[in-house]
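# Architecture and fold: a report
Take a look at the letters that make up each chain.
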Amino acid sequence: MQFFKTLLRVRHYEMDALGHVNNAVYQNYLEQAAIEHSEHLGLSLDVYKQSGGVFVMRRVEIDYLRPAVAGDTLEVTTWVREIRGTRCFRLYEIRKQNQDELLVTAEAMWVWVDAKTMRPRPIPTMMLDKFSATINSSVATN
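Let me sum up the structure you'll find in this document. (Residues numbered from 1 in each chain as written. Predicted model: local features only at pLDDT ≥ 70, side-chain atom pairs only at ≥ 80, totals over all residues. Heavy atoms only, no water.)

## Thoughts on the nonpolar core
Counting residues in hydrophobic clusters, the biggest one holds 33 residues, and the most contacted among them are Y29, F55, Y92, I94, M127 and F131. When contributions to this core are tallied by element, the ones reaching two or more residues are α1 (23–40), α2 (45–51), β2 (53–64), β3 (73–84), β4 (87–96), β5 (102–114) and α3 (125–135). Once residues within four sequence positions are removed from consideration, I94 is found in contact with Y26, Y29, L30, L74, E75, V76, L102, L103 and V104. (Core = buried A, V, L, I, M, F, W, Y, C linked by side-chain atoms within 4.5 Å. Buried < 20%, exposed > 50% of the residue type's maximum accessible area, 1.4 Å probe, protein only. Helix = DSSP H or I, 4+ residues; strand = E, 2+ residues; numbered from the N terminus. Contact = heavy atoms within 4.5 Å.)

Here it is in structure tokens:
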């Protein structure tokens, strides 16, 4: 598997009443990591526009294990577990930078949809090839 890692700094406005990152904010972190991973593979927003489609998160399952607070720098790791048809299954781990303890684990199902109709359609072959190559390759970091 090719693991993609990115760093995100927790901002003060992302806190909840308990003083730690609001659970809903983690979904934004997952989406940002997926976008950066795609860009790392050469699949920018321009490439998506030219292909006439976009990935949308259809389902996400998040396990919240430990809190993060404002000022923490988080290391978000993501990788593609499987990609086929219209769907891409992506896994995530979030830790504080330079620490081993997991804060969050997640799995998301992304669906490729037509940008105009928002209906699912097969993932373009070029994208399938790029993502499939990450399933059987070595570690990469941003």
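There is more to say, and it comes next.
## Let's talk about the sheet that holds β5
Sheet architecture is open: five strands sit in the order β1-β3-β4-β5-β2, paired in antiparallel fashion. In this open sheet, the two strands that pair with only one neighbour each are β1 (4–9) and β2. The sheet shows a mean angle of 25° between the axes of neighbouring strands, taken without regard to direction. Note that β2 and β5 share 11 bridges and pair antiparallel. Considered in β5, the bridge of I62 is made with A106. (Pairing = 2+ DSSP bridges. Axes fitted to C-alpha atoms, helices over the stretch in contact; angles between N-to-C directions.)

## Overview of the pattern of salt bridges
Applying the stated criterion to the full structure yields nine salt bridges. A salt bridge links R66 to E101, with the nearest nitrogen and oxygen atoms 3.6 Å apart. Residue R66 is located in the loop between β2 and β3, and its partner E101 is located in the loop between β4 and β5; the two are separated by 35 residues in the primary sequence. Classification of E101 as partly exposed rests on a relative accessible area of 46%. Several salt bridges share partner residues, and in doing so they unite R81, E82, R84 and E107 into one network. (Salt bridge = Lys/Arg side-chain N within 4 Å of Asp/Glu carboxyl O.)

## Notes on the packing of aromatic side chains
This structure, assessed with the given rule, holds seven aromatic pairs. Their ring planes at 70° and their centres at 5.0 Å tell us that F55 and W112 sit as a pair that is edge-to-face. Of the two residues, F55 is situated in strand β2 and W112 in strand β5; the sequence distance between them amounts to 57 residues. W112 matches F55 in its accessibility class, with the two residues each being buried. You can call F55 buried: its relative accessible area is 12%. (Phe/Tyr/Trp six-rings, centres within 6.5 Å; stacked < 30°, edge-to-face > 60°.)

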